[in-house]
Amino acid sequence: MRAESLAKGFLLGLWISLLVVHGSLAITIEKGSLPRIETDEGAPIHIEADSITYDRKLDQYIAEGNVEIVRAGMTLRAQKVILDNKTKLAIAEGKVEVLQQTTRIWSDRLELQMEEQTGRLLNATLYFEPYETTITGEEIEKLGEDHYRVRRATLSSCPGPNPDWRFAADEAEIKVSGDAVVKGATFQVRNVPVFYFPYLIYPASRERRTGFLLPEYRSNSRIGYGFSLPFFWAIGDSYDATFTESYYTKRGFQQGVEFRYAPWESLKGTIQGEFIHDQEKIDSAIVSRGGPRKDTDRWRVGMEQEANLPLGMVSRAKVDLVSDNYYLEDLSPDNDERFLTYLPSIVNLTKRWDSYLLAGEVRYFRDLVAPKDDNDFTPQRLPSIMFHRMQTPFGKLPIDLGWASGFDHFWRPDGSKSEVVTLAPGVSWPIALGPFFKLVPYAGWKEEVFTSQEREQGGAWGHLSTYSYGVSLSTELFRSYPVGPSGSDRFKHTIQPEVGFQGTGRFSSGDLPWEFLDRTPSDRVIYLGLTQFLTRRTVKPDGSLSYREWGRLRIIQPFSLREQFKDLDELDEERHPWRPLRAELDLRLLGNEEGRRESEIRKGIWAEPRQFLNLKFRNEYNWYEEEFNELSVTLHGADGRGDELALSYGWGKRVTGAGERVKFARANAAVRTLPFLDLLGHAWYNQDEERFSRYGYGLLVHPSCWAIRFTHTIEPGFGGRATDHSFRLQVYLLGLDRVAAF
């Protein structure tokens, strides 16, 4: 056989690095020089060794002593390399080392049958850098294309010869495009077997495989002890499903199913459902959600879908329905869900153009605190349709024109119902007053025509007309400040003051159904506004520029002329011309992004901490009641070492429209006490009810390749319910994510 065929076969011997070279080769050896192999693929092969000989009798090329073969970023080192033309066998022995990009191989001996593309490694260690995974075997045998057998195998993502954990097996047969069949497998901690699997099939390919998933355990005072066993069904390339059978010692058996589909790139979604015949006796003393629970057959149905439809339309759906007000509180594993007071379901369809928006929406609210578990009095928007034109230049005229229009159908089984048709055009005229000022007069009209039906009365109709007009005057001031010794980096402070006037008024006919209409009062208001930006410009090493907004502040203070000059009818009546102050503040004090920096393998717990500190503030302050109508303050920061803190406090109105404010404070903290140990804490305080809704603590142990998270959550009793304790233990292995939950 010609030398070029032999060289080609040798390159195929580097099969474990997943590199296969095709094409003819030509090798030339000149006396006193080192071989250089040219390939028709343009990547030369360089060979260095203490001695290189050719045995004509045996028809062998032999390289001995510090052999190094380099080609296109791949390096083979060994003490001896033999290329046998007769047996078509390539052998490398003596501290064999193969290096290629992100793969490292160490072995005592490498053998390869060149024509059959089969071979073996003896006493081999393979390290895959992107996955931080090490595989060892007394013998790694290549049986065919993408087909391997490993005897006395181990696998771990822990560093060092004695890893904290590893999987060990007498034999593993792996098909890269199929399954790994493992015999005599054990999971070991510090080389001590913990679990034994006499026979195990593990999906080695990236393709989804049908089979049982890892079980999960839960325990708290609401469900008792719980065990769940999910079964995954790979229906096809575009469909799969998970069936879960759960058992709770206090509640009984629960069935769950989740069906996922993505038949086209333009359509993907999930449908899920749960059912349980609740064995726990109904406690009539628990009335925190409008009365005691009624049913024992309980369920939850949900759907999420996103679809890109023809003509550029987009549809999104999120549906979430439950059988009773207590379902989430009793059975949801999500702590945040258990405290919801309403559950929205929304399906919409939108079509956007450069200046237009057409949208339709169906919105259904489940009131989770409705008396007697009766949602019939909650108004629903079934449906809502809108067609808007953004305010943009109108033809060649110097004005901007836009409008908002829509139709809303408000429906409920009990109580009043209504249909509302809305048309709201608006026009503005931006005028530049020299190089510094901008004057914008504007006007708008909103016409709402409605019909209203009471449950036991005939229908009625009417209209509500609202008009607005005004003018604003604004300017922009800025100044730049050099940063650093060179002064190439700069801060830019921008101030945009604004003063304006706005008048609003309305007139109507008919008995107005105010719960379905916007309550825009008649008023004449002057206002002062101030917006500030702080931006940093940074020059990168390559000379390009990057810009980052460090802070933004916007304040608006309205003053009512109508209120100031109104007649007082009563002696004790007062004027309140100062309208609520509105302010928004966003500060990025440190860092560019929140959260952690993830890599291919180091995600979640093992992601690299970032340093950041962000503050967000939103408020609407009432000067006369001396309290906030709306308030939201959030501080979130981390030091880059692993410590993290999130604090938030807020007042808000319930979305269901009941009108009452909800006041709460929330805190989450993680403190890194040791390089491998974090202490965790969380609390949620309900200021309205003057009690902790929940609080808890935990710890996270995370050495280099495994982690254990333990949490204990306490929910003080209320509404006749006893205090609840929830314990959770989760085990993670690097590269495998969560492997157990209790």
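Keep in mind that this is a model prediction, so the values were computed, not measured. (Residues numbered from 1 in each chain as written. Predicted model: local features only at pLDDT ≥ 70, side-chain atom pairs only at ≥ 80, totals over all residues. Heavy atoms only, no water.)

Here we look at the overall build of the protein
At step 1: When helices and strands are counted, the protein shows 3 helices and 44 strands.
At step 2: Expressed as a percentage of the 742 residues in the protein, the buried residues total 37%.
At step 3: In the protein, of all internal contacts separated by at least 6 residues, the share reaching a separation of at least 24 is 45%.
At step 4: Carbon and sulfur atoms provide 57% of the accessible area of the protein, an area that totals close to 41,400 Å². (Helix = DSSP H or I, 4+ residues; strand = E, 2+ residues; numbered from the N terminus. Buried < 20%, exposed > 50% of the residue type's maximum accessible area, 1.4 Å probe, protein only. Contact = heavy atoms within 4.5 Å. Areas by Shrake-Rupley, 256 points an atom, 1.4 Å probe, with all protein chains shown as cover.)

A look at the side chain of histidine 463
At step 1: Relative to the helices and strands, histidine 463 resides in strand 30 (residues 459-475).
At step 2: For histidine 463, a relative accessible area of 18% gives the class buried.
At step 3: Among the polar contacts made by the side chain of histidine 463, one reaches the side chain of glutamate 447 at a distance of 3.0 Å.
At step 4: Aside from chain neighbours lying at most four places away, what touches histidine 463 is Glu447, Glu448, Val449, Phe450, Phe507, Ser508, Ser509 and Leu512. (Polar contact = N/O pair within 3.5 Å; in protein donor to acceptor, adjacent residues only side chain to side chain.)

Side note on the pairing of strand 41 (residues 691-701)
At step 1: In the sheet, strand 40 (residues 677-686) pairs with strand 41 via 10 bridges, with the strands oriented antiparallel. Counterpart to asparagine 686 in the pairing with strand 41 is arginine 691.
At step 2: Where strand 40 folds back on strand 41, the antiparallel hairpin that results is connected by 4 residues, among which glutamate 690 adopts a positive phi of roughly 50°.
At step 3: Relative to strand 42 (residues 706-715), strand 41 is paired through 7 bridges, and the arrangement is antiparallel. Residue pairing across strands places tyrosine 695 opposite isoleucine 714, the latter belonging to strand 42.
At step 4: Between the end of strand 41 and the start of strand 42, which pair antiparallel, lie 4 residues. (Pairing = 2+ DSSP bridges.)

Things to note about the confidence of the model for the protein
At step 1: On average, residues of the protein carry a pLDDT of 84, and 89% of them reach 70 or more.
At step 2: Here residues 1-41 is a poorly scored stretch, pLDDT under 50, and it has 96 contacts once near neighbours within four places are set aside; other chains count.
At step 3: Across residues 654-659, confidence stays below pLDDT 50; counting only partners more than four residues off in sequence or on other chains, it has 7 contacts. (pLDDT = per-residue confidence, 0-100.)

Concerning the layout of surface pockets
At step 1: Considered as a void within the structure, the second largest pocket measures approximately 1,000 Å³ in volume.
At step 2: As for the second largest pocket, its lining consists of 42 residues, of which Asn335, Asn668, His682, Arg709 and Thr711 are closest to the centre.
At step 3: Top element by residues in the lining of the second largest pocket is strand 40. It accounts for 6 residues.
At step 4: Taken together, the residues that form the lining of the second largest pocket break down as 14 nonpolar, 16 polar and 12 charged. (1 Å grid on protein atoms, 1.4 Å probe; cavity = no way out; pocket = protein on both sides within 12 Å on 5 of 7 lines; lining within 4 Å. Points joined across faces, edges and corners; volume = space filled by probe spheres on them. Nonpolar A, V, L, I, M, F, W, Y, C, P; charged D, E, K, R; others polar.)

Topic: the packing of aromatic side chains
Aromatic rings considered in pairs are described by the distance between their centres and by the relative angle of their planes.
At step 1: Going through the model one piece at a time under the given rule, you end up with 28 aromatic pairs.
At step 2: Put simply, the rings of Trp445, Tyr467, Tyr469, Phe501 and Phe507 pair up and form one aromatic cluster.
At step 3: If you follow lysine 492 out to its NZ or CZ, it ends over the ring of phenylalanine 478, 4.6 Å from the centre. (Phe/Tyr/Trp six-rings, centres within 6.5 Å; stacked < 30°, edge-to-face > 60°. Lys NZ or Arg CZ within 6 Å of the ring centre and 35° of its normal.)

Some thoughts on a nonpolar patch on the surface
At step 1: Taken together, the side chains of Phe212, Tyr217, Phe227, Leu229, Leu729 and Phe742 present a nonpolar region at the surface, about 520 Å² in accessible area.
At step 2: Note that phenylalanine 212 resides in strand 15 (residues 211-212). (Patch = residues over 30% accessible without salt bridge, like charges linked within 9 Å, V, L, I, M, F, W, Y side chains within 5 Å. Salt bridge = Lys/Arg side-chain N within 4 Å of Asp/Glu carboxyl O.)

Observations regarding the pairing of strand 11 (residues 147-156)
At step 1: Among the 10 residues of strand 11, 7 are classified as buried, and the element is accordingly described as predominantly covered.
At step 2: Direction of pairing for strand 11 relative to strand 12 (residues 165-175): antiparallel, over a ladder of 8 bridges. If you follow arginine 149 over to strand 12, its bridge partner there is glutamate 173.

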